[in-house]
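Examining the three-dimensional arrangement
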Amino acid sequence: MALLDRYGGDARPLAGGQSLVPMLNFRLLSPAALIDLGRIGELAQIREEANSVVIGAMARQRAAEGAEIVARKLPLLREALGWVGHLPTRSRGTLGGSIAHADPSAEIPMALLALDGEVVATGPKGRRTIAAEALFESFYTTTLAAGEILTEIRIPHMAPGAGYAIEEYARRKGDFAIVGIAAIVERKADRCAGARIVASGIGGAPVRLRGAEKILERDGLDPTAIAQAAARAAEEVDPLSDPNASADYRRHLVSVLVGRALARCAGMPERAH
Ligand code: FAD
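Quick summary incoming for the structure in this document. (Residues numbered from 1 in each chain as written. Predicted model: local features only at pLDDT ≥ 70, side-chain atom pairs only at ≥ 80, totals over all residues. Heavy atoms only, no water.)

Quick notes on the overall build of the protein
- Of the regular secondary structure elements, the protein holds 11 helices and 13 strands.
- Taken over the C-alpha trace, the protein has a radius of gyration of 19 Å; the compact-globule value for 273 residues is 19 Å, and the two agree within 12%.
- Dimensions of the protein, computed from the C-alpha atoms along their principal axes, are close to 60 × 45 × 35 Å.
- Counting the 273 residues in the protein, one finds 51% classified as buried.
- Pairs at least 24 residues apart make up 60% of the contacts formed inside the protein by residues separated by at least 6 positions.
- Carbon and sulfur atoms make up 51% of the accessible area of the protein, which totals about 12,700 Å².
- Within the protein, one finds 33 positive and 32 negative side-chain charges whose respective centroids are separated by 4 Å. (Helix = DSSP H or I, 4+ residues; strand = E, 2+ residues; numbered from the N terminus. Rg over C-alpha atoms; globule rule 2.2 N^0.38 Å. Buried < 20%, exposed > 50% of the residue type's maximum accessible area, 1.4 Å probe, protein only. Contact = heavy atoms within 4.5 Å. Areas by Shrake-Rupley, 256 points an atom, 1.4 Å probe, with all protein chains shown as cover. Lys, Arg positive; Asp, Glu negative; His and termini not counted. Charge placed at Lys NZ, Arg CZ, Asp CG, Glu CD.)

Overview of the pairing of strand β10 (residues 163-169)
- Most of β10 is tucked away: 6 of the 7 residues are buried.
- Looking at chain direction, β10 and strand β11 (residues 179-188) are connected through 7 bridges and run antiparallel. The residue of β11 that forms the bridge with Ile 166 is Ala 182. (Pairing = 2+ DSSP bridges.)

Looking at the site of the ligand
- Taken together, 31 residues form the shell around the ligand, and within it Arg 12, Pro 13, Gly 17, Leu 20 and Thr 94 come nearest.
- At a separation of 3.4 Å, an oxygen atom of the ligand approaches a polar backbone atom of Asp 175.
- For the shell around the ligand, the secondary-structure elements that each account for two or more residues are β1 (11-14), α7 (95-101) and β9 (149-156).
- With 4 residues, α7 is the largest single contributor of residues to the shell around the ligand. (Near = heavy atom within 4 Å. Polar contact = N/O pair within 3.5 Å; in protein donor to acceptor, adjacent residues only side chain to side chain.)

Considering the sheet that holds strand β6 (residues 126-131)
- Strand order in the open sheet made by the 5 strands is β3-β4-β9-β5-β6, with antiparallel pairing throughout. The sheet is open, and its two borders are formed by β3 (46-49) and β6, each paired with just one other strand. With direction set aside, neighbouring strand axes in the sheet form an average angle of 25°.
- Across 4 bridges, β3 lies against strand β4 (residues 52-56) in antiparallel orientation. Paired with Glu 48 across the bridge in β4 is Val 53. (Axes fitted to C-alpha atoms, helices over the stretch in contact; angles between N-to-C directions.)

Geometric descriptors of this kind do not, in isolation, establish any biological role.
Printed below as a string of C-alpha cells:
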C-alpha cells in the first residue's frame, strides 16, 4: 500500500507477470515501478470458509487447478483453469492477476461471474467486497479503485449435483477463446432449479445470458428446451467484429457452444461433487 501510494498510481502490482510483462515488452505500459506481490505469502492461500472457497489473489492458476477443495466444491472453476493458456503460464499466472487484468476472453473472470463470486479489494481506505457482477466494466477495466489491490477471491460452493460445463472455441489450444461459455445448472428431478450461463469474448466483459437461463428455469433441460435456450442466447448477445471473427460468426458460436455446454450439464450424472 505504502509503495503504491509513494508512486501515486505510476506503479503496477506484479503478480505472475504473464500479461503484465508482455504488455511492458510491447511498450503498452511503462510504469515507474513494479511492486512484486510474490513475497506476500498470505496472498497465495486457498482455504475453505463456511460455504465458500477463499482463494488468495496470488494463488497460482496451477495450484488452484490441482487443489482438492476446488475439485470438490468448485469443479466449474477447475474445468475453466484447464483452458487457461499453457502449463508454464499457469504455473506462474495467478487468479488475482487474471481477474485484475480483465481480458474479455479470459476464462477465470467468466467462471467467477458464472459462480456468483466476489473479490476483496484492499486499499488506503481499508477492505471492501466487490461482486463479480459489479467488477468487470470493459476491456481490461475493472472497478478496482486507484491504489487498491485485489487480495482475495471468494466463491460460494456449487450446489451438490449441479451440472456444469466450459465450452470454448479458439484457433489453437492455449489461445485466448474467440468465444467462451460457462454454464451451471442446478437440477431438482427433471426440473432446472437455477441456471447461470456466461459468455466471454463477446464484448468488453463477460456477460450473463439471462434470457437463455429463464428458458431452462421455465421449461427444464430436455433437448427442446436446450435448443430454444441456445437460440435465445444467440439473440441476446451483441458481439463485436474483429480480425478474429465477425459478429455473426461469434453469434453462431454462442448458439453452438451454449447448446453443447447445456447438453453436457443435463447429461452429467447427479453425483455430489
Ligand atoms: P500479471 O501479468 O502479473 O498482471 C496482470 C495485470 O493485473 C497487471 O496490470 C497487474 O498490475 C495487475 N495485477 C496483478 N495482480 C493484481 C492484484 N492482486 N491486484 C490488482 N492488480 C493486479 N489467460 C487466459 O485467461 N486464457 C488464456 O488462454 C491465456 N493464454 C495465455 C497464453 C500465453 C502464452 C500467455 C503468456 C498468457 C496467457 N494468458 C491467458 C494470460 C495469463 O492467464 C495471465 O496469467 C493472466 O492474464 C494474468 O495473471 P498474472 O498473475 O500473470 O498477472
